[in-house]
Amino acid sequence: MRHSKQSASTIIGIAVCVFLLFSFKNQPEKAFHSATAQIEATDLKRDALKILQTKCNICHVKKNPGKVFTLDNMSALAPKIQKQVFVKKRMPKGNKIHLTEQEYIILKKWLRTQLL
């Protein structure tokens, strides 16, 4: 099931890029940058979701099932993620699960796209 959602996300990203290329046919450079930004945002969201699924959902499934992160709800939960991970530094909880420096960077970049 997860594979088909990722495939659908990729297809949507490509469709948006094609649309943008045709929309900006007299401004190909602008279209290229717009399309590239869309792909990067899609990839960033997918990478952030992987982190949330592997580092957060492990505990949330058992201890906080109402806050299990999915592709559909992660954007709405972005302010809470920001607060718990980066402001209060309460998550991930415990000594067993740690975010790597690269995972922190990916989450920060993704959160910047959500909290503008």
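Now for a description of the structure that goes with this document. (Residues numbered from 1 in each chain as written. Predicted model: local features only at pLDDT ≥ 70, side-chain atom pairs only at ≥ 80, totals over all residues. Heavy atoms only, no water.)

**Some points on unusual backbone geometry**
Negative phi is the rule for most residues except glycine; trans is the rule for most peptide bonds.
Stage number 1. With omega at -5°, the peptide bond leading from Met 91 into Pro 92 counts as cis.
Stage number 2. Along the polypeptide, Pro 92 turns up in the loop between helix H3 (78-87) and helix H4 (101-114). (Helix = DSSP H or I, 4+ residues; strand = E, 2+ residues; numbered from the N terminus.)

**A look at the layout of surface pockets**
Over the atoms, a rolling probe the size of a water molecule traces out where space has been left empty.
Stage number 1. In this model, the largest pocket occupies a volume close to 530 Å³.
Stage number 2. Where the lining of the largest pocket is concerned, the elements lending two or more residues are helix H2 (28-63) and H3.
Stage number 3. When grouped by side-chain class, the residues that make up the lining of the largest pocket number ten nonpolar, five polar and six charged. (1 Å grid on protein atoms, 1.4 Å probe; cavity = no way out; pocket = protein on both sides within 12 Å on 5 of 7 lines; lining within 4 Å. Points joined across faces, edges and corners; volume = space filled by probe spheres on them. Nonpolar A, V, L, I, M, F, W, Y, C, P; charged D, E, K, R; others polar.)

**Description of the packing of aromatic side chains**
Stage number 1. For the coordinates displayed, the defined rule picks out one aromatic pair.
Stage number 2. Between Phe 86 and Tyr 104, the ring centres sit 5.8 Å apart and the planes meet at 70°, which makes this aromatic pair edge-to-face. Of the two residues, Phe 86 sits in helix H3 while Tyr 104 sits in helix H4, which places them 18 residues apart along the sequence. (Phe/Tyr/Trp six-rings, centres within 6.5 Å; stacked < 30°, edge-to-face > 60°.)

The values reported here are purely geometric and, on their own, carry no functional implication.
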